[in-house]
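Each chain, letter by letter, is given below.
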Amino acid sequence: MVSRFSYTLDSSLESVNKVEEAAEQLGQKSGLDEDGVFQLSMAVREAAINAVLHGNAYDPQKKITATFENTGSSLIIRISDQGQGLDPRHLPDPLAPENLLNGSGRGIFLIRQFMDEVHFKLLHPGTELTLIKNLDTTQNSA
Amino acid sequence: MSMKISTRQVDGVTILDLSGRITLGEGSVQLRDAVRELLAKGQKQILLNLADVNYIDSSGIGELVSAFTTVRNQGGELKLLKLTKKVHDLLQITKLYTVFDIKDDEAEAIGSFKQS
C-alpha cells in the first residue's frame, strides 16, 4: 500500500534532525534491516543539511520541504530548498587526492553511496533532491 | 543527541573520550573547540577515543579531518582509537581510513606517539 507524508520546515538544525528521524522511522516501518535504516537516515540527513546549510543558508525566510513515500517497491524521499540552486556537475570529487583532506564536501557523495538512485532538479529558485531506496520485495515487509 | 567529551592524560598523550554523535552543530563544534584548547595549551599529541561514538555525519567526518590537519600543521599528531563499525565503514567509503592512524588498543596507541 502506498503511503505518503510531507513536512514544510524552517531552515534550522532542528529541521535536519526531524527529517532524519522521519527517515529512520520510515525505514524501520518499511522492513529495512539495521544497515539499511542507517544508510537511509544518513542519506536523508545529508540531503536536509544540504538544503538548510548550502541551499537556504539558514535564512529564516526560506523553508525546506521533505516528502516521504513508500510505493511498496521503493522508498522515495524528496528534499527541496529555496536557495540558489545546486549543479551536481560542479561538485568536487571528495576521493580525489587533492580533496581528501578537505573539511567539507562529502555530503552528496555519501547520499550517492547509500541510495539506489539520486536525482537533482533545479526549481528556480532552489533545488530538489530525489532519493530512491529500492525495497526487497521478495520478503514480506510492513 | 549531543556529544560528551572527557579528557585524560597518559604518558604525555592527551586522550579525548568522545561519546554520542559528532554531527553538524553541537558535536562538530565541541570537537573543534576541544582540539583548539589542547593546542593552545601546547598539548599536541592527541588520541581521539571514538569507542562510544555511535553516529557521525559528513560534518563530523570533516571535523575529524580538520582536527587531523590542524594538529599536524602545528607539529603534533592526532590519532583515532577504537572505531565503531559505522564510523569504520564511513572512513573506508570516504578513503580516510588510510589517512588517519587508527588503533584498536589504547596502550599500543599511546606507545606509537613520538616522544616529545
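Residue numbering note: each chain is counted from 1, following its sequence as written. Labels are handed out in written order, letters beginning with A for the chains and numbers beginning with 1 for the ligands. Side-chain atom pairs in this predicted model are given and counted only at pLDDT of 80 or more, local residue features only at pLDDT of at least 70, and totals for whole chains, interfaces and linings cover all residues.

Engineer: Mind laying out the pairing of strand β4 (residues 77-81) of chain B, listing which residues take part and the relevant values?
Structural biologist: Across a regular strand the side chains alternate sides, sitting on one face of the sheet and then on the other. Residues and elements named next belong to chain B. When you tally the buried positions in β4, you get four out of five residues, the bulk of the element. Any two strands are treated as partners once DSSP identifies two or more bridges connecting them. Secondary structure counts use DSSP, requiring at least four H or I residues in a row for a helix and at least two E residues in a row for a strand, with both numbered from the N terminus. For strand β3 (residues 45-56) and β4, the ladder comprises five bridges, and the chain directions are parallel. Counterpart to Ile46 in the pairing with β4 is Leu78. Every crossover in which the path from the first strand over the helix to the second runs clockwise, viewed with the strands pointing away from the viewer, is termed right-handed. Considered for its hand, the β-α-β crossover made up of β3, helix α2 (residues 58-73) and β4 is right-handed. Of the strand pairs in this sheet, β4 and strand β5 (residues 102-103) are connected by two bridges, and their pairing is parallel. Counted as the bridge partner of Leu81 is Lys103 from β5. Note on burial: count the other C-beta atoms lying within 10 Å of the residue's C-beta; 20 or more is buried, 12 or fewer is exposed, in between is partly exposed, and C-beta positions come from the backbone.

Engineer: If you had to explain the sheet that holds β4(B) to someone new, which residues and values would you point to?
Structural biologist: Residue and element names in this part refer to chain B. Reading across from one edge, β1-β2-β3-β4-β5 is the order of the five strands in this open sheet, with mixed pairing throughout. The sheet is open, and its two edges are formed by β1 (4-10) and β5, each paired on a single side. Relative to strand β2 (residues 13-22), β1 runs antiparallel, the two being bridged by seven bridges. Directly across from Thr7, in β2, lies its bridge partner Leu16. With C-beta atoms placed from the backbone, a contact is any residue pair whose C-beta atoms sit within 7 Å. With axes taken as lines fitted to C-alpha atoms, and helix axes fitted only over the stretch in contact, angles between N-to-C directions fall between 0 and 180 degrees. Against the sheet, α2 touches β2, β3 and β4, its axis set at about 145 degrees to β4.

Engineer: Tell me what's going on with the confidence of the model for chain A, and back it up with residues and numbers.
Structural biologist: Summarising the model, chain A shows a mean pLDDT of 93, and 96% of its residues fall at 70 or more. On a scale of 0 to 100, pLDDT captures the predictor's confidence in every residue. Element-level pLDDT for chain A is lowest in strand β1 (residues 3-10) of chain A, with a mean of 94, against a maximum mean of 98 in strand β3 (residues 74-80) of chain A.

Engineer: Describe the interface of chain B and chain A, listing the residues and the values that go with them.
Structural biologist: With 16 residues of chain B at the contact, the number on the chain A side is 18 residues. Broken down by secondary-structure element, the contributors of at least two residues to the side of chain B that touches chain A are α2 and α3 (85-93) of chain B. At seven residues, α2(B) tops the list of elements feeding residues into the side of chain B that touches chain A. Of the residues contributing to the side of chain B that touches chain A, the split by class is six nonpolar, seven polar and three charged. Residue polarity is assigned by list, with Asp, Glu, Lys and Arg as charged and Ala, Val, Leu, Ile, Met, Phe, Trp, Tyr, Cys and Pro as nonpolar; anything else, Gly included, falls into the polar class.

Engineer: Can you tell me about the pairing of strand β4 (residues 117-122) of chain A, naming the residues and giving the values?
Structural biologist: All names here are of chain A. Pairing of β4 with strand β5 (residues 127-134), which is carried by six bridges, proceeds in the antiparallel orientation. The residue of β5 that forms the bridge with His119 is Thr130. Between β4 and the antiparallel strand that follows it, β5, lie four residues; His124 among them carries a positive phi value of about 50 degrees.

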